[in-house]
Amino acid sequence: MKRVLTHPENFCSYLDRDTSDSGYEQIRTHLDECPRCREEVKGWESVDAWFRSGESSIEVPPFQWQRIAARLQEPEPAGLLVRLRTLLRPWKLTWNVALGSLVLAGMILGGLEYRRNAEEKQLLLAVTRYVAEEGARIRAEENPFRVAATSDNPFSKSQVSVESKR
Amino acid sequence: MEAYRQIHEGYARRILSFIYKMVDSREDAEDLTQNVFLRAFHELKRLQDAERFEPWLYRIARNEVYQAFRKKRSEPALQEQEGPERESENALFDPADRRPTPQELVLNAELGATIQNVLRSLPPKLREVFVLAVIHEKSYAEICEIVGRSLLSVKTDIFRARRRARKSIEKYLEFQK
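Computed from a predicted structure; not experimentally measured.

**Considering the packing of helix 6 (residues 124-135) of chain B against helix 7 (residues 140-147) of chain B**
Residue and element names in this part refer to chain B.
Now for step 1: It is at 10 Å that the axes of helix 6 and helix 7 come closest, and there the two elements cross at 145°. In terms of crossing hand, the pair formed by helix 6 and helix 7 is right-handed. Residue-level inspection shows Glu 128, Val 129, Leu 132 and Ala 133 of helix 6 in contact with helix 7, the latter providing Ile 143, Ile 146 and Val 147.
Now for step 2: Here the contact of helix 6 with helix 7 is built from residues that sort into six nonpolar, no polar and one charged.

Structure, rendered in structure tokens:
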């Protein structure tokens, strides 16, 4: 009994006449024997009734149907793609030729650009290789430590060891 | 065309009411309702099951509402200031026998404005399930289908919304304690 009063959500199903709810019958039976809950439900029902009473002030504007009927008889607006196609139809051949030429020009320019890039890449590789080789050659000629390895170098390891033995 | 007219006649009021309660602007709600029906009629062939038409229509309405929210995210909240005046304007077009009395207009407008004030205080996630469950009396299964959420989440949100709404309107209603 107390649960019904303190949890009005329990009788929402009753207020909304949701007979599929398992609690509906239970609440209905309970209300038959509990005046307090009956009063509570009456209060909630009066709230619902108050809201429903305002419905009489709703009136459909007098010429709404005529406006809808007029709109229904208008041809359906075509989509953007259809409209564009209709617009371009008189110059169909011209547009096709122009589009084809554009694609062809794009392919040629792209091919040329690719070839130019490939050549540049080759040249860059060759230059890099040349610079590396040339650098190595110059270093080999001018490196003093390479000379140290020869026999007439006083700082040569073998010379130093001979001197120290003496 | 006649079939479309009948569909519009049968559902326009409910869809307008749902959208109005969500966007809180009569003008925007009317425009969005018109969009909902246009979209529904254009996409009707996609509907698999004719019996699911109403939840499907509500779902379109909900999508329109959220699209409008996204569009207006940077703008300040929409406010409807001219409710009673618009009611009077509409009344001019009505035949005399259907025209409400000035007192009825004022009372209806006041009640409508108060309800809108309370609904405005709810976040859209709670507001949508509250409007569908309480005001439009949709079943939980239909609400789940419309909002694309689980039954548990929908039930919890309906309860939360109810509790907040009740708290907000306590000053307008005298509950029997």
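**Re a nonpolar patch on the surface**
All names here are of chain A.
Now for step 1: Among the surface-exposed residues, Leu 84, Leu 87, Leu 88, Trp 91 and Trp 95 lie close enough to one another that they form a single nonpolar patch of about 540 Å² accessible area.
Now for step 2: Here the element with the most residues in the nonpolar patch is helix 6 (residues 80-88); it accounts for three residues.
Now for step 3: Classification of Trp 95 as partly exposed rests on a relative accessible area of 47%.

**A few points about the packing of helix 3 (residues 53-71) of chain B against helix 7 of chain B**
How two helices sit against one another is set out by the angle between their axes and by the gap between those axes.
All names here are of chain B.
Now for step 1: Between helix 3 and helix 7, the least distance of the axes is 8 Å, while the angle of their chain directions is 40°. Comparing their axes, helix 7 and helix 3 come out oblique. As helix 3 packs across helix 7, the resulting crossing turns out to be right-handed. Two secondary-structure elements touch here, helix 3 through Pro 55, Tyr 58, Arg 59 and Arg 62 and helix 7 through Glu 142, Glu 145, Ile 146 and Val 147.
Now for step 2: Residues that form the contact of helix 3 with helix 7 fall into these classes: four nonpolar, no polar and four charged.

**Here's the deal with the packing of aromatic side chains**
Now for step 1: For the structure on display, the rule yields ten aromatic pairs over all chains.
Now for step 2: Of the aromatic side chains, those joined through ring pairs into one cluster are A:Trp65, B:Tyr4, B:Phe37 and B:Phe41.
Now for step 3: Positioned above the aromatic ring of B:Tyr20, the side-chain terminus of B:Arg26 is 4.7 Å from the ring centre.

**A short note on the interface of chain B and chain A**
Now for step 1: The partner chain A presents 39 residues to the 46 residues of chain B that form the contact.
Now for step 2: Overall, the association of chain B and chain A removes approximately 4000 Å² of surface from exposure, summing both partners, and the carbon and sulfur fraction of that is 65%.
Now for step 3: Taken together, the connections running from chain B to chain A amount to five salt bridges.
Now for step 4: Residue B:Arg162 pairs with A:Asp16 through a salt bridge whose shortest N-O separation is 2.7 Å.
Now for step 5: Taken together, the connections running from chain B to chain A amount to twelve residue pairs in polar contact (both at pLDDT 80 or more).
Now for step 6: Counting residues per element, the side of chain B that touches chain A draws most heavily on helix 1 (residues 2-23) of chain B, which supplies nine residues.
Now for step 7: Grouping the constituent residues of the side of chain B that touches chain A by class yields 25 nonpolar, ten polar and eleven charged.

Analysis parameters
Residues numbered from 1 in each chain as written. Chains lettered and ligands numbered in written order. Predicted model: local features only at pLDDT ≥ 70, side-chain atom pairs only at ≥ 80, totals over all residues. Heavy atoms only, no water. Axes fitted to C-alpha atoms, helices over the stretch in contact; angles between N-to-C directions. Helix = DSSP H or I, 4+ residues; strand = E, 2+ residues; numbered from the N terminus. Left-handed = near helix turned anticlockwise from the far one by under 90°. Contact = heavy atoms within 4.5 Å. Nonpolar A, V, L, I, M, F, W, Y, C, P; charged D, E, K, R; others polar. Patch = residues over 30% accessible without salt bridge, like charges linked within 9 Å, V, L, I, M, F, W, Y side chains within 5 Å. Areas by Shrake-Rupley, 256 points an atom, 1.4 Å probe, with all protein chains shown as cover. Salt bridge = Lys/Arg side-chain N within 4 Å of Asp/Glu carboxyl O. Buried < 20%, exposed > 50% of the residue type's maximum accessible area, 1.4 Å probe, protein only. Parallel < 35°, antiparallel > 145°, perpendicular 65-115°, else oblique. Phe/Tyr/Trp six-rings, centres within 6.5 Å; stacked < 30°, edge-to-face > 60°. Lys NZ or Arg CZ within 6 Å of the ring centre and 35° of its normal. Buried area = accessible area lost by both parts, 1.4 Å probe. Polar contact = N/O pair within 3.5 Å; in protein donor to acceptor, adjacent residues only side chain to side chain.

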